[in-house]
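# A look at the structure
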Amino acid sequence: MSGAPLLQVKNLVKRFPIRGGVLQRVVDQVHAVDGVSFDLAAGETLGVVGESGCGKSTTGRCVLRLIEPTSGEVWFKGQNITTLGKEPLRALARDMQIIFQDPYASLNPRMTVGAIVGEGLVIHKLASGAADIEQRVAELLRTVGLSPDQMKRYPHEFSGGQRQRIGIARALAVQPKMIVCDEAVSALDVSIQAQVINLLEDLQAQFGLTYIFIAHDLSVVEHISDRVAVMYLGRIVEIASAHDLYTNPLHPYTEALLSAVPIPDPRVKRKRIMLQGDVPSPIRPPPGCHFHTRCPIAQKGLCDVKRPEAKTTGDGHTVACHLRG
Ligand code: SF4
């Protein structure tokens, strides 16, 4: 990375209260994000992976302040946006967009594609008059590989992949600097996934976009990511360049995830590491290292007691494990 990062996330924490009883008092908390920190350079793609419930989507939404963090800071373009009021935050929303997992649910079925894609242009006053908006929407549809003739149609008339292209056009309309792709290809068939990932890469080259690319599968993020962060129960356990992470994983959890990724070359055999047990509940995560209940090399008296600090090697490979790094 060169220069100041576009985004800095510092010790981000998000807890969701659980209410119960007649008075709906807070009886417990879900520890969704538990001290997450990372930097992101302009033009970079950070893949964020982990099993469902690991806090990756909540992290993405807290970064955009679609969800308010419990504590921690998010700095964007050198400004602490965690404390921004409504109006400055609305202006900032132009720079930070999101593409959702479910293109079926995230597009208003009663709006035409033209209205969906053009909405941001109207809200942020980026076009003047109906003809200008129509021209910009036509350009945006072409940019994402759709035909401008399709702007009068409704979302249900499109396939899953096409709908995700509409979601991308909607995000692009306001000329953002950064896009959080929240499981953006997870609901699509593998061949369509590849097309959408290729489109996102082309758009990044064309517009200098920065991505946080969230997925539950390491094989999905490998191609698009410059760096990859692996999350487990609300914490980043390892973060490294994509090449380093895939060729030299340090954390036992990353090793287990990688062992499940198919290798295209049938001559190369990789031993599958089967983790014992389920992911513990984020309501009462295990003490010490959250992973100790499933870790094949956990040390009693250490891993179950003390939280491992993140250690970084010279090449920016960071791991949070007492025994590795
Ligand atoms: Fe395993 Fe201990 Fe490392 Fe956690 S700190 S990953 S339990 S060895």
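Anything mentioned here points back to the structure above.
The notes below deal with the structure included here. Sequence order sets the numbering: in each chain, residues are counted from 1 along the sequence as written. Predicted model: local features are reported for residues with pLDDT of at least 70 only, side-chain atom pairs are reported and counted for 80 or more only, and whole-chain, interface and lining totals are derived from all residues. Side-chain descriptors were evaluated using all non-hydrogen atoms of the structure, hydrogens and water having been removed beforehand.

## Focus on the overall build of the protein chain
On a plain count of helices and strands, the protein chain comes out with nine helices and 12 strands. Taken over the C-alpha trace, the protein chain has a radius of gyration of 21 Å; the compact-globule value for 325 residues is 20 Å, and the two agree within 12%. For the protein chain, the spread of C-alpha atoms along the principal axes amounts to about 70 × 60 × 45 Å. Residue burial is assigned from relative accessible area. The probe radius is 1.4 Å, only protein chains are included, and a residue is buried under 20% of its type maximum, exposed over 50%, and partly exposed in between. The buried share among the 325 residues of the protein chain stands at 49%. The contact definition used throughout considers only heavy atoms, calling two residues in contact when any of these lie within 4.5 Å. A separation threshold of at least 6 residues defines the contact pool for the protein chain, and within that pool the share at least 24 residues apart is 63%. For the protein chain, the exposed surface amounts to about 15,800 Å²; the carbon and sulfur share of it is 52%. Only four residue types enter the tally: Lys and Arg on the positive side, Asp and Glu on the negative side; His and the chain ends are excluded. Taken as the charge location is NZ of Lys, CZ of Arg, CG of Asp or CD of Glu. Computed over 36 positive and 32 negative side-chain charges, the inter-centroid distance for the protein chain is 5 Å. Helix and strand labels come from DSSP, where a helix needs a run of H or I of at least four residues and a strand needs a run of E of at least two; each type is numbered from the N terminus. For this measure, only C-alpha atoms enter the radius of gyration; the expected value for a globule follows 2.2 Å times N^0.38, where N is the number of residues. In these tables, accessible area is a Shrake-Rupley quantity obtained with a 1.4 Å probe, and a residue counts as shielded only by the protein chains included in the view.

## Digging into the nonpolar core
We call a set of buried Ala, Val, Leu, Ile, Met, Phe, Trp, Tyr and Cys residues a nonpolar core when their side-chain atoms join them within 4.5 Å. Counting residues in hydrophobic clusters, the biggest one holds 59 residues, and the most contacted among them are Ile168, Leu200, Phe213 and Leu218. Setting aside residues up to four positions removed in sequence, Leu200 forms contacts with Ile99, Ile168, Cys181, Tyr211, Phe213 and Ile224. Among the nonpolar cores identified, the runner-up in size contains 32 residues, and Ala32, Leu46, Val63 and Leu89 belong to it.

## Notes on the environment of Ile123
Structurally, the position occupied by Ile123 is in helix H3 (residues 113–123). Owing to a relative accessible area of 51%, Ile123 belongs among the exposed residues under this scheme. Separated by 131 residues in the primary sequence, Ile123 and Thr254 place their C-alpha atoms 42 Å from one another.

## Some details on the pattern of salt bridges
Basic side-chain nitrogens of Lys or Arg form a salt bridge, by our definition, when they fall within 4 Å of a carboxyl oxygen of Asp or Glu. Applying the stated rule across the entire model yields 12 salt bridges. One salt bridge connects Lys77 with Asp95, and the closest N-O pair in it is separated by 2.8 Å. With Lys77 in the loop between strand E4 (71–76) and strand E5 (79–80) and Asp95 in the loop between helix H2 (86–92) and strand E6 (96–99), the pair connects residues that are 18 residues apart, well separated along the chain. Take Lys77: its relative accessible area is 45%, and that puts it in the partly exposed class. Residue Asp95 is classed as buried on the basis of its relative accessible area of 12%. Residues joined in a network through salt bridges with shared partners are Asp34, Arg235 and Arg307.

## What to know about the packing of aromatic side chains
Only centres within 6.5 Å qualify two rings of Phe, Tyr or Trp (six-membered ring in Trp) as a pair; their planes then separate them into stacked at under 30 degrees, edge-to-face at over 60, and tilted for everything else. Enumeration over the complete set of coordinates arrives at three aromatic pairs. Between the aromatic rings of Tyr232 and Phe291, the centroid separation amounts to 5.0 Å while the plane-to-plane angle is 80 degrees, which identifies the pairing as edge-to-face. Here Tyr232 is found in strand E9 (residues 227–232), whereas its partner Phe291 is found in the loop between helix H9 (252–259) and strand E11 (310–312), with 59 residues between them in sequence. Judged by its relative accessible area of 2%, Tyr232 is buried. Among the aromatic side chains, those forming a connected cluster through ring pairs are Tyr232, Tyr253 and Phe291.

## Points about helix H4 (residues 130–143)
Expected span, for any helix, means 1.5 Å times one less than how many residues it has. For H4, with 14 residues, the first-to-last C-alpha span of 20 Å sits near the 20 Å given by 1.5 Å per residue. Summarising the contacts, the buried residues of H4 are in contact with H3 and helix H5 (160–172). Downstream of H4 by a residue or two, Gly145 has a phi angle that is positive, lying close to 85 degrees.

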